[in-house]
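Structural description and commentary
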Amino acid sequence: MQAVQELIEERRRGIIRAKNEDEAQKIDLSLDNIARDALRVVKAKLSPSLRRVINATGTVLHTNLGRAPLARAAMEMLQEIASAYCNLEYSLKEGHRGSRHEHVESILCNLTGAEAACVFNNNAATVYLALNTLAKEKEVIVARGELVEIGGSFRIPEVMKASGAQLVEVGTTNKTYLADYEQAITEKTALLLKVHTSNYRIIGFTADVSIRELAALGKEKGIPVMEDIGNGALVNLSGFGLPAEPLLSESINAGAALVTCSGDKLLGGPQAGIIVGEKEKVERIKKNQMARALRIDKLTLAALEATLRLYQEEGKALKEITVLRMLTLKPSELKQKAETIRAKLADLCAGTADFQCAENISYVGGGAMPQAELPSYTVFVSPYEISVGTLIERLHAGTPPVVARIENDKLVLDPRTLQPGEEEALINAVASALGENSTGAF
Ligand SMILES: *Cc1c(COP(=O)(O)O)cnc(C)c1O
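Cut-off values and rules
Residues numbered from 1 in each chain as written. Predicted model: local features only at pLDDT ≥ 70, side-chain atom pairs only at ≥ 80, totals over all residues. Heavy atoms only, no water. Pairing = 2+ DSSP bridges. Helix = DSSP H or I, 4+ residues; strand = E, 2+ residues; numbered from the N terminus. Axes fitted to C-alpha atoms, helices over the stretch in contact; angles between N-to-C directions. Contact = heavy atoms within 4.5 Å. Buried < 20%, exposed > 50% of the residue type's maximum accessible area, 1.4 Å probe, protein only. 1 Å grid on protein atoms, 1.4 Å probe; cavity = no way out; pocket = protein on both sides within 12 Å on 5 of 7 lines; lining within 4 Å. Points joined across faces, edges and corners; volume = space filled by probe spheres on them. Nonpolar A, V, L, I, M, F, W, Y, C, P; charged D, E, K, R; others polar. Expected span 1.5 Å × (residues − 1). Polar contact = N/O pair within 3.5 Å; in protein donor to acceptor, adjacent residues only side chain to side chain. Salt bridge = Lys/Arg side-chain N within 4 Å of Asp/Glu carboxyl O.

**Thoughts on the sheet that holds strand β14 (residues 373-383)**
- Ordered in space as β13-β14-β17-β16, the four strands form an open sheet in which the pairing is antiparallel. A strand with exactly one partner marks an edge of an open sheet, and here the two such strands are β13 (353-363) and β16 (405-407). Ignoring strand direction, the axes of neighbouring strands in this sheet form an average angle of 40°.
- One ladder, built from eleven bridges, connects β13 with β14; its direction is antiparallel. Across the sheet, Tyr363 pairs through a bridge with Glu373, a residue of β14.
- Against the sheet, helix α15 (residues 331-348) makes contact with β13, β14 and β17 (410-413), and its axis sits at roughly 10° relative to β14, the strand it touches most.

Laid out in structure tokens, this is it:
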């Protein structure tokens, strides 16, 4: 009712604003037109803002599309915990207050070889808390080439400033040696920090210090070494044509006192931050005054525990964790999927566009290894009557919305990031976007 009144009011204002009769006549006052607009407005008002979308971009860890879709086991656990009470901070064994970290601590220790672990809202929070706990008003040494910015709002120098730690930069943009760290150590040095440059690479004439060398130096000088590895890889994916990412277990094994990572990058779980490492330090971080402000929520914890449990068997993790399954799809499987989509579209939308299939590239994503290219096979759509831009706009406005990329003025549909059962919905969405001309429907 309100929508109809607003639409009539809008037309009334249009008539008042009209410069002459001709212009006023052009305003469509037909009942049909008002009804159609009202339906559109009401639909938009009733539909939620946060919606499921079909990701046809081929970018597996798309930060703007919510990074990692959860595994089924994680979703089931989340659902179970969401609607009931749970032992979030209650020890059922002892019958008194417990800690929320406990639910994932021993499994994280088993998976990484660390002594202790704790979890927070995201990795930015873990880095902040670790620095604030261990290095407030003291110095932290970082290589210049590792002062990264991630996602526009996480910058190592800024996070460090907020934590109260003083940044001491060493080396140059492209080269840092162990001696650079050694010379920068003073009695105020609290931490040596290594940051994995997840979203860019310095290539060419370069040198950096491995976590093993840095940990050895730290041990000699009695200074702890922390590594922010960003991605949180728990299994080695280099056998699947992906760049070798540092594993949490490798960093612990190399002697890092603390290692931090995200839960929703390569790990494939919910948004979370994980810290593994030496017990004494982890316990101090848990007790930080700001830990409560940055604490993990029970639903996230439920999803994280279920995801981590899948890693207890590597084969299961590769099959059931959505991002790992998508990253390890074989080119032959992708080719078959792309050809099926192409054939169905060509059949359904004959005369509206040209449909081709060809080898192409998918990306791991901005959240992790953005430059890593994966061989893929995609569908290319060139509409005859509308621009590719219009086609994309219509796909965004559809239900469910489809997000895809444009290459050489063609719409690209990459089957890598489709969830089981989404092929059909994608085909229908593209067909209806291409068919809007003939039916004239909004
Ligand atoms: C992604 C990333 C972060 C930020 O992690 P969030 O979970 O997004 O807060 C911090 N450090 C590194 C090295 C990263 O790759």
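**Points about the pairing of strand β12 (residues 273-277)**
- Among the five residues that make up β12, five are buried, leaving the element largely enclosed by the rest of the structure.
- The alternating pattern of β12 places Gly273, Ile275 and Gly277 on one face and Ile274 and Val276 on the opposite face, and all of these are buried.
- Strand direction decides the pairing type here: strand β4 (residues 116-120) and β12, joined by five bridges, are antiparallel. Of the residues in β12, the one forming a bridge with Val119 is Ile274.
- Pairing of strand β11 (residues 258-262) with β12 involves five bridges; the strand directions are antiparallel. Note that in β12 the partner of Ser262 across the bridge is Gly273.

**Looking at empty space enclosed by the protein**
- Applying the stated criterion to the full structure yields one cavity of 30 Å³ or more.
- Approximately 50 Å³ is the volume found for the largest cavity.
- Around the largest cavity sit ten residues that line it, and Ala233, Val235, Asn236, Leu237 and Glu245 are the ones nearest its centre.
- Its residues assigned to classes, the lining of the largest cavity comprises eight nonpolar, one polar and one charged.

**Description of helix α12 (residues 298-310)**
- The terminal C-alpha atoms of α12, which comprises 13 residues, lie 19 Å apart, in line with the 18 Å expected from a rise of 1.5 Å per residue.
- Of all the 13 residues making up α12, ten are buried; the element is thus mostly covered by neighbouring parts of the structure.
- Looking at α12, one finds that the buried residues are Thr300, Leu301, Ala302, Ala303, Leu304, Glu305, Ala306, Thr307, Leu308 and Leu310.
- Among the structural elements, α4 (72-82), α5 (102-112), β4, β12 and α13 (314-320) are those in contact with the buried residues of α12.
- Capping the start of α12 is the job of one residue whose side-chain oxygen sits 3.1 Å from the backbone nitrogen of Leu299: Asp297.

**A short note on the pattern of salt bridges**
- In the structure shown here, the tally under the stated rule is 24 salt bridges.
- Between Arg155 and Glu158 there is a salt bridge whose closest N-O contact spans 3.5 Å.
- On the basis of relative accessibility, which here comes to 38%, the residue Arg155 falls in the partly exposed class.
- Judged by relative accessible area, which is 42%, Glu158 ranks as partly exposed.
- Notably, a salt bridge pairs Lys281 with Glu280, separated by 3.4 Å at the nearest N-O pair.
- Relative accessible area serves as the criterion here: at 11%, Lys281 is assigned to the buried category.
- By sharing partners, the salt bridges in this structure join Glu105, Lys279, Glu283 and Lys286 into a single network.

Such coordinate-based values are descriptive only and should not be taken to indicate function.
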